[in-house]
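Reading the structure
Spelled out, the chains give:
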Amino acid sequence: PDGFSPMKPSSLLLFASLLANVALVTLVATRSSAPTAAPMPTVAAAGRPTAAPAGTDGALRAALSYGTVKDLEAAGLSPELAREVTLGRTFFRIVARLRAEKTAQADGRWWRNSAGQPQSRESQLLRQRELSDALAATFGEDAGLFVSLGSTDKNAFLPAAKREALRRITQDYDEMMAKFSAGGVQLASDKEKLKLLRAERERDIAALLTPEERLAYEMRTSPTAATVKARYGEGIQSEDDYRKLYALQRAFDEKFPAEAFSGRLTSETMRARTEAQKQLQDDIRAALGESAYASLRRATDHDLRTVDSLVSRLSLPPATTDRVATARENFAAASQRLNADTAVPLPQRRSQIQELGSQARAEIQKALGTEAADAYAQRSPWLGLLHNGVAYS
């Protein structure tokens, strides 16, 4: 969450369109001007050009050069075109600076990875700020084009003024924190400074939001929220269920913070965490109920998600995933029975389980077809276990 987040691919298409429109407007303005030179804008005391009288060709030229959306509208452009020109002009400036930076860094050694240079991340964040500010000035917000703590898609529940203030806070702290991880290297003092900055950021956010808004914000953007979404997001059926899962996961994360498990750990610590993880699953089952918990586990089953992808790709019958799931459970039970029969020598039991694996592979081929079954087998652990003569559950 503290790092730079790139624009979504769709943003690039948007700006390609903006470039075309800006070029068109500039061309029209240039061709429609009189043969004689248009009056140049005067210079105000502050050093900024003063706009020419509205309705003149000079006003349009001045607005195209530096005007706001309102200036462009006053010069005769439609609101839509005024917004596109404003954003396109910002994008042109960013591209110009990118080219200048590349030229300054160029030394003929084309094989070097310039992206790893210390200033690159800070430069990215500054460019993000400029473009985000331009979007906010044009549309009232940055339209969620940047995936960050302050993006509007996550904070749509907040009033517009608070969304904008939150965007500013997160941008400011992102830029400050970028200075303490330059080149991917962190000193011990850097970690302390980052810790202080994160604490300051949380205080600023707490001062901005009400307790209810802050809880809603944390449920959308915190590391705990990211964990819940990554593990269970596709299987959560209601906001009420999400809140239950979030509360349980947060209690676990507070007891076992991730940063406490980055170094050497004692066996007692690992055992306590493993037991807490099992208890967490029991608590989730109790909070959601058996039916919802079963649906949650099914939706987060990566093995079955692979089958779903193949079913969608190949237009197989919808019941195919259930068929594979049933086969997986049946072969699991069969492998356990064979493995538990200690009257049979171990080498023979392994051979029997391998034969079971051949039967399972044939069953999966019937369900998916040969090509899809091969793709599934490369990703599916249970078929690999049976192939090696190992029982699974």
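Thresholds applied
Residues numbered from 1 in each chain as written. Predicted model: local features only at pLDDT ≥ 70, side-chain atom pairs only at ≥ 80, totals over all residues. Heavy atoms only, no water. Helix = DSSP H or I, 4+ residues; strand = E, 2+ residues; numbered from the N terminus. Expected span 1.5 Å × (residues − 1). Buried < 20%, exposed > 50% of the residue type's maximum accessible area, 1.4 Å probe, protein only. Arc of directions from axis to C-beta. Contact = heavy atoms within 4.5 Å. Polar contact = N/O pair within 3.5 Å; in protein donor to acceptor, adjacent residues only side chain to side chain. Core = buried A, V, L, I, M, F, W, Y, C linked by side-chain atoms within 4.5 Å.

The next point concerns helix 13 (residues 302-314). When the terminal C-alpha atoms of helix 13 are compared, their 18 Å separation across 13 residues agrees well with the 18 Å that a helix rising 1.5 Å per residue should span. Along helix 13, the positions that sit buried rather than exposed are Asp303, Leu304, Thr306, Val307, Leu310 and Val311. The buried residues of helix 13 occupy an angular sector of 150° when projected down its axis, which confines them to one face. Of the exposed residues in helix 13, the ones pointing more than 90 degrees away from its buried face are His302, Ser312 and Arg313. Residues of helix 13 that are buried in the fold lie against helix 12 (290-299), helix 14 (320-340), helix 15 (346-368), helix 16 (370-379) and helix 17 (381-387). The backbone nitrogen of Asp303 has a side-chain oxygen 3.0 Å away, supplied by the residue at the start of helix 13, namely Asp301. Of the residues one or two after helix 13, Ser315 is the one with positive phi, at around 55°.

Phi is positive for Ser315, which is not a glycine, with a value near 55°. Ser315 gets classed as exposed once you look at its relative accessible area, which sits at 66%.

With 17 residues, helix 10 (residues 239-255) should reach 24 Å at 1.5 Å per residue; the first-to-last C-alpha distance of 24 Å fits that figure. Taken residue by residue, helix 10 has Asp241, Tyr242, Leu245, Tyr246, Gln249 and Phe252 as its buried positions. Looking down the long axis of helix 10, one finds its buried residues gathered within 130° of arc, a one-sided arrangement. In helix 10, those exposed residues whose orientation departs by more than 90 degrees from the buried face are Glu254 and Lys255. Check the buried side of helix 10 and you find it contacts helix 8 (211-221), helix 9 (223-232), helix 11 (267-288) and helix 12.

Moving on, we come to the side chain of Arg328. Take Arg328: it is sitting in helix 14. When sequence neighbours within four positions are dropped, the list of residues in contact with Arg328 reads Asp301, Asp303, Leu304, Trp382 and Tyr392.

A word on the nonpolar core. Ranked by internal contacts, the top residues of the largest apolar core, which has 24 residues, are Phe331, Ile364, Leu368, Tyr376, Trp382 and Leu386. Secondary structure elements with two or more residues in this core: helix 13, helix 14, helix 15, helix 16 and helix 17. Residue contributions to this core peak at 6 residues, all from helix 15. If sequence neighbours within four positions are ignored, Leu386 has contacts with Phe331, Ser335, Ile353, Gln354, Leu356, Gly357, Ala360 and Tyr392. Judged by nonpolar contacts, the second largest core, of 16 residues, contains Ala225, Val228, Tyr232 and Ile284.

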